[in-house]
Amino acid sequence: MDDELPVRVMLGRLLRLAEYRVREYATGEEFLVSLSAHLPLCAIVDLHMPGLSGFEVQSCIRAANLQVPVVFITGSDDAALERTAREAGVRNLLRKPFSSDELLEAIGGAIGSFGRTRMGG
């Protein structure tokens, strides 16, 4: 999820090429509503969006006891962000621009940390 359409389109294309099924969301609120019907294998979440921030989305996922690994992305170069992310329990944080390989590796690591497989096991 990312509030910027070009970023969502790029991520969607990349992930489809890697044979993932993709659902795109412009806001954290849209994503959270979707969880009642569909639990994703992994969520890619921009930290800075209008409405709920990425950290707030992760907090809502945890509060609902949902097992959804999250890969955070950000365009921010704020040095304090690393500390804030670690304090929030973030394991996967990519700064834009990142490579396709970096994203796919982060997704694989996030999914693996939850003991899930690409097929949703």
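Residues numbered from 1 in each chain as written. Predicted model: local features only at pLDDT ≥ 70, side-chain atom pairs only at ≥ 80, totals over all residues. Heavy atoms only, no water.

> Describe in detail the pattern of salt bridges, supporting the description with residues and values.
Applying the stated rule across the entire model yields five salt bridges. A salt bridge links Asp2 to Lys96; the nearest nitrogen and oxygen atoms lie 2.9 Å apart. Of the two residues, Asp2 is situated in the segment before α1 (5-17) and Lys96 in the loop between β3 (93-95) and α5 (100-113); the sequence distance between them amounts to 94 residues. On the basis of relative accessibility, which here comes to 25%, the residue Lys96 falls in the partly exposed class. (Salt bridge = Lys/Arg side-chain N within 4 Å of Asp/Glu carboxyl O. Helix = DSSP H or I, 4+ residues; strand = E, 2+ residues; numbered from the N terminus. Buried < 20%, exposed > 50% of the residue type's maximum accessible area, 1.4 Å probe, protein only.)

> Which residues make up the pairing of strand β2 (residues 70-74), and what values do they have?
Counting buried positions along β2 gives five out of five residues, so the element sits mostly inside the fold. A two-sided burial pattern is seen for β2, the buried positions comprising Val70, Phe72 and Thr74 on one face and Val71 and Ile73 on the other. After leaving strand β1 (residues 43-46), the chain enters helix α3 (residues 54-63) and then returns to the sheet as β2, a path that is right-handed. Both β2 and β3 contribute to a ladder of three bridges, which runs parallel. The partner of Phe72 across the bridge, within β3, is Leu93. One crossover worth recording links β2 to the parallel β3 by way of helix α4 (residues 80-87), and it is right-handed. (Right-handed = clockwise from strand over helix to strand, strands pointing away. Pairing = 2+ DSSP bridges.)

> Hey, could you go over α3 for me, with residue numbers and the actual values?
Among all positions in α3, only Gly54, Val57, Gln58 and Ile61 are buried. One face of α3 carries all of its buried residues, which in axial projection span an arc of 100°. Following α3 by one or two positions, Asn65 adopts a phi angle in the positive range, close to 55°. (Arc of directions from axis to C-beta.)

> Explain the layout of surface pockets residue by residue, including any values.
The volume enclosed by the second largest pocket comes to roughly 270 Å³. Considering the residues around the second largest pocket, the lining is formed by 17 residues, among which Gln58, Arg62, Val68, Pro69 and Phe114 are closest to the centre. It is α3 that provides the largest number of residues to the lining of the second largest pocket, a total of three residues. Each residue belonging to the lining of the second largest pocket can be placed in one class, and the counts come to nine nonpolar, six polar and two charged. (1 Å grid on protein atoms, 1.4 Å probe; cavity = no way out; pocket = protein on both sides within 12 Å on 5 of 7 lines; lining within 4 Å. Points joined across faces, edges and corners; volume = space filled by probe spheres on them. Nonpolar A, V, L, I, M, F, W, Y, C, P; charged D, E, K, R; others polar.)

> Outline the environment of His38, listing residues and values.
Tracing the backbone through its elements, the reader meets His38 in the loop between α2 (28-34) and β1. Taking the C-alpha atoms as reference points, His38 and Arg23, separated by 15 residues in sequence, lie 9.8 Å from one another.

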